[in-house]
Each structure stands twice: as structure tokens, then as C-alpha cells.
Amino acid sequence: MTVPSRMTVTRVEVPFAAPDAGVAELTWGQRAMMQAMRREDSWLPMGGHRPVAPGTTVADVAAELRYTMQRWQSFRTRLRPGFTAQEVFASGVATLDVVAAEGSDPDEVAAAVEAGYRATPPDLTGDWPMRMAVVCDRGTPLRLVAVMPHIVTDGLGAAVMVDEATRRVTTPIAGLDPLQIAAWQASPAGVRQHAGARRHWDRHADGLPQFSNPNTLPRYRKCVLESPALAAHLPQAAARSGTDQSTVLLAAYFVALSRATGATTLGVRQVVSNRFRSGLSDVVSPITQLGLCVVDVPPDFPGAVTAVARAALPARKHAYYDPYAVPPLATPCFNDRRTVTTTAFGAEPSSGVLTWSEPPGPTEPLFLHVDDVPGAVRLILDVDTACFSPSTVESIVHTIESVVA
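Residues numbered from 1 in each chain as written. Predicted model: local features only at pLDDT ≥ 70, side-chain atom pairs only at ≥ 80, totals over all residues. Heavy atoms only, no water.

*Asks:* What is the right way to read the sheet that holds strand S10 (residues 265-272) from this model?
*Replies:* As a general point, the strands of a sheet are linked pairwise by backbone hydrogen bonds and lie either parallel or antiparallel. A sheet is described by the order of its strands in space; here seven strands give the open sequence S11-S10-S12-S14-S15-S9-S13, paired in mixed fashion. Both edges of this open sheet fall to strand S11 (289-296) and strand S13 (353-357), since each of them pairs with a single strand only. Direction aside, the axes of adjacent strands within the sheet are offset by 20 degrees on average. Note that S10 and S11 share eight bridges and pair antiparallel. In the strand pairing of S11, valine 272 is matched with glutamine 289. (Pairing = 2+ DSSP bridges. Helix = DSSP H or I, 4+ residues; strand = E, 2+ residues; numbered from the N terminus. Axes fitted to C-alpha atoms, helices over the stretch in contact; angles between N-to-C directions.)

Shown next, in the form of C-alpha cells:
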């Protein structure tokens, strides 16, 4: 961990013990995350820092870490060499970094600790995956920092973990744990699920357009638009179409791609939570995967919404599979990361300001992420300029914004 030199760090040992342990192959969600980590040349850290409740002690924070390690298998898992299998341990010792930051801004110190965690790749075979620190002033905890690789869980699983850890839930975990998920996936039912998904991918993958562009430098770029207009009009567009906001956004993405490239049949790999499946709603493990949505894009937006709503159902149904046994595709991707879609009544329906930066590493040909921010919807497009030019990306962003209005 890297922290400013004026600060001192003490490591507190936190022993834990749980009733379950075992060895299994990686689950499909873990395999998908490993593929993403290799593809993007990143261990995909997730987490952050937050204030702690007044009166919290270092012992309280250590108890939270112990609770987390004992309750969820993902946090006491180490990968076997080669990353083909995982081992869940029943007991061990985790560590809590206690950072003394007397007289310094606690948010700045917590941000520095978080940055240090993110900058150092974890040892997935020899250490526990989560790093946790508490920032103190004269022994009083002020900020909590926690960073983990994405192979521990996905965003919805992290929300489950934070909620239950905050409430100190003592009832057994709901649904399956990673060892149980791996066992089901190897069962006849899991084999049938994968086979059906593989047929869907094989049936639709052939003939999809491949995109190329004379490369510009830097090769990988990030385009961001925070759009008050989308926040204002998206709820109304969803109501008019009788569908949900995510489907409307995905349809707008298809229309924008079609208009920018001239292709009328397009495939988009969309991130599917898979939490509608039995036993997976509250899983603290990565279970999101990419589903393949293929659409013959109508020229009109209402028709496109209808077509995408119809195509998205089989895409979601067949988004649970062994990614190591499905041929890779290089299509645009879509990820609606909003956990709550708000109705922005009263928002100013103005266009947003588009900015460019560089992503931390390689990316898909084009990957649209959607986030909610106050008063706006944020569109983030990570682009491989060997596939799409910056001017094409800008036209896609503005078309998404305009067709929804």
C-alpha cells in the first residue's frame, strides 16, 4: 500500500472461522470476469472509501472485516495456480490496515490509501482478495477504505454485501454460494443450460458486421456525455413504449450504431445480471455475463424499441453459460449500471457536454456504460479507435440523446 510518508500504518490481524470450505472450478461468472481482466489488462478493482459512524472503534471495524470473511465464501477464496480452480478456506487471518493521519484531511488520506490499493495488483493465489483500511485521527476511526478485484463479486453483489454487513444480518445467506454454483453448473441441469445458450450464440453470431477504422492515437479512448435531456425524456419514452428505460436506451444504441455504420443487422453484447434466476438474487459473487442481442434494426425509433424488446428476452435467457466454451465475438457492448432508474421530472431537457479522455487500458470495440448522476444520465463510451473513429463515436452519442427526446 502506498500512503504519504507523513502517515504511519499498523496492521491488525483479524482471525476468522467459518463452517464451510472446499475446492471447485471457477464459476461461469468468475470465468467471465477473468476473461475481462485479461482482455482489459486490469484486475478491475472495485470499492472505495466512506465515513464511519460516530463512535466507531478500530475493534468495530475489525469485527466488520471478520463478519465479511466469515459470511461470504468469495472473501476467503484463493485461486489455484493457473487460475482454473478456487479454494474456499474455513479459517485464516485477514489483516486490517490502521492508518494514522493526525492533522490531515481524512478524505484526502482515504483517497490516497484507496489509490495505493488500486495501483497494486493483488496476489489472487496467495492472499485474501479484499484489502481494508481504517483511517484514524488520534485513534478515532474517521474513514473506511475497502478495495477488491471484480472476481470477488459484481456491483449488485457488492450492494448485498454492504447492506447485510451494515445491518449485521445473522440469518443464513439467501441462495447459493460459489461452491454450490460451481456444482450446479457441472450438473446435468447446468450442462443443459450451457448447451441452450451455446446454440443461441452459434445461431446468431455468423454474419454480424465487423468494424474497422484506420487507427488513430491513442488507440483506446473514453467519451463521456452527461445528458440532462436523457434524464428528462427517458422516463417518458419508456412510458410511451410500455417498456423499461434500459430497453429504450439499448434500442437507442442500436439505432445510433445502425445510422453511424450503415449496418441494418447488428449484434450487441449486453451485460445481464442473471439475478432473476433461482437462488442467485442475493449472491455475493460475480454472476453477470454478456448476453448476445441481435436485431434487424428498423429505421424508426418506436419500431426499434419493439424489435429490441423482443430480441432482449432470448439474449437474457441465454446469458448464463460457460464463457470458456463459447467462441469470442467482437461486437459493441452495453452495460446499464443504474440500480435505480429515477424519473427526472423538472429536469432541464438540455444537451450535455461531451468530453474525451483515455481509459486505463484496452477495451472492447465499443462499450457503452450508463450511470445515473444528479440531474442527468451519464453515457460513457470506451472505444477502440481501430474499430470506431472518434467522430463516429460522437455521432453515436448524440444520436442516442436525440432519438430518446
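*Asks:* Sorry if this is basic, but what is going on with the packing of helix H7 (residues 228-241) against helix H8 (residues 245-261) here?
*Replies:* A pair of packed helices can be characterised by two numbers: the angle between their axes and the separation between those axes. Two elements in contact, H7 and H8, have axes whose closest approach is 9 Å; the angle formed by their N-to-C orientations is 105 degrees. Classified by the angle between their axes, H7 and H8 sit roughly perpendicular to one another. In this structure, H7 contributes Leu230, Leu234, Pro235, Ala237, Ala238 and Ser241 to the contact, and H8 contributes Gln245, Val248 and Leu249. For the contact of H7 with H8, the class distribution of residues is seven nonpolar, two polar and no charged. (Parallel < 35°, antiparallel > 145°, perpendicular 65-115°, else oblique. Contact = heavy atoms within 4.5 Å. Nonpolar A, V, L, I, M, F, W, Y, C, P; charged D, E, K, R; others polar.)

*Asks:* Help me understand H8, please; the structure alone is not making it clear to me.
*Replies:* Residues lying three or four places apart along an α-helix face the same way, a consequence of the helix completing one turn every 3.6 residues. With 17 residues, H8 extends 24 Å from end C-alpha to end C-alpha; this agrees with the ideal 24 Å at 1.5 Å per step. A large share of H8 lies buried, amounting to 13 of its 17 residues. A distance of 3.1 Å separates the backbone nitrogen of serine 246 from a side-chain oxygen at the start of H8, and that oxygen is part of aspartate 244. Phi turns positive, to about 85 degrees, at glycine 262, one or two residues after H8. (Expected span 1.5 Å × (residues − 1). Buried < 20%, exposed > 50% of the residue type's maximum accessible area, 1.4 Å probe, protein only. Polar contact = N/O pair within 3.5 Å; in protein donor to acceptor, adjacent residues only side chain to side chain.)

*Asks:* Even after reading the chapter, I still don't get the sheet that holds strand S3 (residues 45-51), so can you show me in this structure?
*Replies:* Strands sit in the order S1-S6-S7-S8-S3 across an open sheet of five strands; the sheet is mixed. Each having just a single partner strand, strand S1 (8-17) and S3 make up the two edges of the open sheet. Neighbour to neighbour, the strand axes of the sheet diverge by 20 degrees on average, direction disregarded.

*Asks:* Please explain the side chain of histidine 369 as it appears in this structure.
*Replies:* For histidine 369, the position within the fold is in strand S14 (residues 366-373). Within the local environment of histidine 369, its side chain forms a polar contact with the side chain of asparagine 335, the two groups lying 3.5 Å apart.

*Asks:* What is the right way to look at the pattern of salt bridges in this model?
*Replies:* Here the idea is simple: oppositely charged side chains can pair when their charged atoms come close. Applying the stated criterion across every chain yields a total of 20 salt bridges. Between glutamate 87 and arginine 80 there is a salt bridge, with the nearest N and O atoms lying 3.3 Å from each other. Taking relative accessible area as the criterion, arginine 80 reaches 33% and is therefore assigned partly exposed. Its salt-bridge partner being arginine 219, residue aspartate 384 comes within 2.7 Å of it at the nearest N-O pair. Of the two residues, aspartate 384 sits in strand S15 (residues 376-384) while arginine 219 sits in the loop between helix H6 (188-205) and strand S9 (220-227), which places them 165 residues apart along the sequence. The class of arginine 219 is partly exposed, set by a relative accessible area of 36%. Several salt bridges converge on common partners, so that one network encompasses Glu25, Arg31 and Asp322. (Salt bridge = Lys/Arg side-chain N within 4 Å of Asp/Glu carboxyl O.)

*Asks:* Looking at this structure, I do not really get the nonpolar core. What am I missing?
*Replies:* Membership of the largest hydrophobic core comes to 48 residues, with the highest contact counts inside it found for Tyr253 and Leu379. Considering each element in turn, this core owes the most residues, 10 residues, to H8. Those residues in contact with leucine 379 that sit more than four places away from it in its chain are Cys223, Val224, Leu225, Leu230, Leu368, His369, Val370, Val397 and Ile400. Counting residues in each nonpolar core, the second largest holds 29 residues, with Met46, Trp128, Leu144 and Val152 among its members. (Core = buried A, V, L, I, M, F, W, Y, C linked by side-chain atoms within 4.5 Å.)

*Asks:* Sorry, what's going on with the side chain of glutamate 164 here?
*Replies:* Relative to the assigned elements, glutamate 164 resides in helix H4 (residues 155-167). The exposure class assigned to glutamate 164 is buried, which follows from its relative accessible area of 11%.

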